[in-house]
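Listed below, chain by chain, are the residues.
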Number of protein chains: 2
Amino acid sequence: MEKKYDVVIVGAGPAGLNASVYASRYGLKNVVVGEISGGLVTQTTEIGNWLGEKNINGFEFVQKAIEHTKSFGTEIIASSVDQIKKTEEGNFEILLANGEKFKSKTILIATGSKHRKLGVPGEKEFLGKGVSYCATCDGFFYREKTVGIVGGSDSAVSAALYMSDIAKKVYLIYRKDKLRAETFWVNSLEKAKNVEIIYSTNVKEIKGKDKLEKILLDNIYKGSTEIKLDGLFIEIGFTPNIELIKNLGLEIDNENYIKIEQNGQTTINGVWAAGDITTGSNKFKQIITAASEGAIAINSIQNYLKK
Amino acid sequence: MEKKYDVVIVGAGPAGLNASVYASRYGLKNVVVGEISGGLVTQTTEIGNWLGEKNINGFEFVQKAIEHTKSFGTEIIASSVDQIKKTEEGNFEILLANGEKFKSKTILIATGSKHRKLGVPGEKEFLGKGVSYCATCDGFFYREKTVGIVGGSDSAVSAALYMSDIAKKVYLIYRKDKLRAETFWVNSLEKAKNVEIIYSTNVKEIKGKDKLEKILLDNIYKGSTEIKLDGLFIEIGFTPNIELIKNLGLEIDNENYIKIEQNGQTTINGVWAAGDITTGSNKFKQIITAASEGAIAINSIQNYLKK
């Protein structure tokens with residue numbers, strides 16, 4: 001028999017998990033479907049800006065959030081959603097990749113965003129063979145090796161800092177002439193002795209035989225446009241995960257973010273969105289902003305279901 | 001000598017404290033000025049919807065948030081702001097009630113909201129003599145007594161539940177015919193044996209001699225329009241604290257909330273607002289929404305100061 005819900009929450013990052021906590025406290029029958037419990041937060045080393053926690057790592061935070069969500073008896077299903085269809089009665093049918101099928105009165109899309117690709121030759125070829133989008137996931141394999149990080153944001157600079165403790169040598173390669181990470185991260189990085197920052201430079205190509213061996217730069221650095229590396233971490237931001245919702249007909253903006261009202265409602269009746277995938281929160285992608293959007297959406301869904 | 005800041009944060013609730021954490025991590029020189037560190041959260045008994053914490057009380061949460069804020073060396077000044085003036089150079093001069101004077105490049109208003117009054121005879125007269133707006137602050141004085149709670153929201157229902165453990169008898173008086181609190185709270189309340197809920201009824205008057213003795217209702221309950229009480233807790237919502245900003249000329253909406261853009265900017269250049277005092281977050285007043293608005297505003301201030 002198909003399970004029926006008040007709201008099916010698609011995505012298990014901070015937006016989805018916090019939405020579930022709020023939904024459960026409102027007494028709404030809800031389920032969370034997401035490939036990775038915790039979403040991209042699982043890839044975060046140190047979280048320094050979650051109010052009340054001076055220092056908590058991504059894994060620990062996610063464990064606490066999952067425990068909180070499950071404490072109401074809510075199921076978090078480790079799968080993805082293949083299809084969402086609106087039925088004639090105005091409800092939704094949800095088909096999961098694992099074969100399960102749900103019915104729901106409302107949908108909350110909180111599928112977040114994924115790592116942006118560099119789009120250079122060798123990037124696809126050497127993925128998992130030296131190329132990675134997550135230093136905290138794969139950094140461990142580069143103990144006493146030489147690695148490069150691409151980017152200048154909080155993620156890139158904190159990844160460089162993380163790798164400086166593990167690797168022998170770290171190059172941070174950024175296309176602009178000034179890092180745009182928090183001053184906190186930049187100051188910490190500047191104290192790391194095994195880090196060299198290469199400004200105003202792009203990675204043009206990734207080369208190797210069976211695995212990554214070197215990268216080519218579009219600028220000369222210390223007399224050469226080539227750097228020998230064992231690993232390259234690409235940390236250049238995110239793009240929204242909108243594959244699933246393409247056929248739902250939701251309006252998106254020119255950067256592929258789902259357009260939402262202040263209450264989280266999308267342009268389709270019965271469908272809300274929250275977190276990094278939306279145009280909300282001034283597109284400031286933080287755990288706190290995603291969690292807040294999840295709460296606001298559920299409050300609005302609760303009012304909608306009452307009617 | 002006057003102290004100079006990048007941003008003066010007015011208000012020490014979740015919006016102000018989280019704004020300070022973000023500002024400090026961006027390396028912005030900041031100070032928090034607020035009468036009550038933690039703001040209205042200090043009056044919350046149980047917080048059940050702060051992601052990752054299954055159960056934390058208001059006091060404990062505030063202590064952790066203050067400690068986090070101060071861990072960057074930031075000062076939280078227990079005072080209020082008397083005046084904010086824009087100088088000719090486009091900076092601000094801030095005069096505190098304690099006599100201190102600051103200069104700042106930007107201002108973040110996060111003064112939140114205060115308890116709404118019933119507006120009935122006796123309310124003012126018996127304030128502190130039986131009338132209270134905060135069960136967790138004053139409930140302790142009503143051990144084994146009979147108390148009334150006015151309201152039907154999360155605050156009112158959780159206050160009734162809190163008082164049911166302390167008082168002998170609790171009346172919850174609500175003007176509508178159905179509580180609008182979270183199902184979680186309503187279910188818990190229904191299990192409390194010493195609580196009676198009086199629906200579709202208003203408190204018309206508060207009477208007594210030296211202290212509150214009884215209330216008058218606008219409907220007959222169990223044969224009478226009078227209830228003998230030792231205490232009455234009024235929990236009927238909040239109104240924004242806008243006294244300070246009246247002379248700044250910020251645009252407010254018809255409910256006195258400060259109008260903000262998605263980035264927290266107000267209608268005055270150099271002034272941002274965050275938390276319960278704003279039109280943001282669909283006016284859903286939660287710790288998580290206030291904290292999120294504080295983070296978004298600082299991110300925007302950081303971009304503004306870079307230019």
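Residues numbered from 1 in each chain as written. Chains lettered and ligands numbered in written order. Predicted model: local features only at pLDDT ≥ 70, side-chain atom pairs only at ≥ 80, totals over all residues. Heavy atoms only, no water.

A. Main features of the interface of chain A and chain B. With 43 residues of chain A in contact, the opposing surface of chain B contributes 43 residues. Regarding the contact of chain A and chain B, the summed buried area is about 4,200 Å², with carbon and sulfur atoms giving 57% of it. Linking chain A with chain B are six salt bridges. Of the charged contacts, one joins K54(B) and E67(A) as a salt bridge, the two residues approaching to 3.1 Å between their closest N and O atoms. Taken together, the links from chain A to chain B amount to 24 residue pairs in polar contact (both at pLDDT 80 or more). Elements represented by at least two residues in the side of chain A that touches chain B include exactly helix 1 (14–25), helix 2 (58–70), helix 5 (183–191) and helix 6 (287–306) of chain A. When residues of the side of chain A that touches chain B are assigned to their parent elements, the largest contribution, eight residues, is made by helix 6 of chain A. (Contact = heavy atoms within 4.5 Å. Buried area = accessible area lost by both parts, 1.4 Å probe. Salt bridge = Lys/Arg side-chain N within 4 Å of Asp/Glu carboxyl O. Polar contact = N/O pair within 3.5 Å; in protein donor to acceptor, adjacent residues only side chain to side chain. Helix = DSSP H or I, 4+ residues; strand = E, 2+ residues; numbered from the N terminus.)

B. Quick look at the sheet that holds strand 15 (residues 212–221) of chain A. All names here are of chain A. Here three strands make up an open sheet; going across it, the order is 14-15-16 and the pairing antiparallel. Because the sheet does not close on itself, it has two edges, and the strands there are strand 14 (203–208) and strand 16 (224–228). Across the sheet, the mean angle separating the axes of adjacent strands is 25° when strand polarity is ignored. Pairing geometry for strand 15 and strand 16, over four bridges, is antiparallel. Bridging from a neighbouring strand, K214 pairs with K228 of strand 16. (Pairing = 2+ DSSP bridges. Axes fitted to C-alpha atoms, helices over the stretch in contact; angles between N-to-C directions.)

C. A look at the sheet that holds strand 15 (residues 212–221) of chain B. Residue and element names in this part refer to chain B. With antiparallel pairing, three strands are arranged side by side in an open sheet as 14-15-16. On the outer flanks of this sheet lie strand 14 (203–208) and strand 16 (224–228), each paired with one strand and no other. Averaged over all neighbouring strand pairs, the angle between strand axes comes to 25°, with direction disregarded.

D. Representation of the domain arrangement of chain A. Residue and element names in this part refer to chain A. When cut into domains, chain A gives domain 1 (3–114 + 238–306) and domain 2 (131–234). In this complex, domain 1 contributes six residues to the contact, which on the side of domain 2 involves nine residues. Across the domain 1 to domain 2 interface the summed buried area is about 520 Å²; carbon plus sulfur atoms make up 53%. When residues of domain 1 are sorted by the area they lose upon contact with domain 2, Q43, T45 and E46 head the list and together hold 79% of the total. Seen at the junction of domain 1 and domain 2, the total is zero salt bridges. Between domain 1 and domain 2 we count zero residue pairs in polar contact (both at pLDDT 80 or more) in total. Broken down by class, the residue content of the side of domain 1 that touches domain 2 amounts to one nonpolar, four polar and one charged. (Domains from an automatic or database assignment. Nonpolar A, V, L, I, M, F, W, Y, C, P; charged D, E, K, R; others polar.)

E. Highlighting the nonpolar core. Core analysis: the biggest nonpolar cluster contains 72 residues, and L108(A), I298(A), L108(B) and I298(B) have the highest contact counts within it. Secondary-structure elements contributing two or more residues to this core are strand 1 (3–10), helix 1, helix 2 and helix 6 of chain A together with strand 1 (3–10), helix 1 (14–25), helix 2 (58–70) and helix 6 (287–306) of chain B. With residues up to four places along the chain from it excluded, the contact list for L108(A) reads V7(A), V8(A), I9(A), V10(A), A19(A), W272(A), A273(A), A274(A), A297(A), I298(A) and I301(A). (Core = buried A, V, L, I, M, F, W, Y, C linked by side-chain atoms within 4.5 Å. Buried < 20%, exposed > 50% of the residue type's maximum accessible area, 1.4 Å probe, protein only.)

F. A look at the environment of G38(B). Residue and element names in this part refer to chain B. Structurally, the position occupied by G38 is in the loop between strand 2 (30–33) and strand 3 (46–47). The sequence separation of G38 and G11 amounts to 27 residues, and the corresponding C-alpha distance is 8.7 Å. Those residues within four positions of G38 in sequence are excluded, and the remaining contacts are A12, G13, P14, L17 and V62.

G. Geometry of helix 5 (residues 183–191) of chain B. Those residues of helix 5 of chain B not exposed but buried are W185(B), V186(B) and L189(B). Down the axis of helix 5 of chain B, the buried set is contained in an arc of 95°. They therefore lie on one face. In helix 5 of chain B, the exposed positions that point more than 90 degrees away from the buried face belong to E190(B) and K191(B). Buried residues along helix 5 of chain B sit against helix 1 of chain A together with strand 3, helix 4 (154–164), strand 12 (169–173) and strand 13 (195–198) of chain B. (Arc of directions from axis to C-beta.)

H. Inspection of the pairing of strand 17 (residues 231–234) of chain B at higher detail. Residue and element names in this part refer to chain B. Here strand 17 shows two buried faces, one formed by G231 and F233 and the other by L232 and I234. Both strand 10 (residues 131–132) and strand 17 contribute to a ladder of two bridges, which runs parallel. Each residue of the ladder has a partner; that of S132, found in strand 17, is F233. In terms of strand pairing, strand 11 (residues 146–150) meets strand 17 through four bridges, oriented parallel. By the bridge assignment for strand 17, V147 is matched with G231.

I. Spotlight on the environment of K228(B). Residues and elements named next belong to chain B. Checked against the element boundaries, K228 lands in strand 16. Note on K228: relative accessible area 67%, which makes it exposed. Separated by 20 residues in sequence, K228 and G208 place their C-alpha atoms 9.8 Å apart. Setting aside anything within four residues of it in sequence, one finds K228 in contact with T146, E213 and K214.

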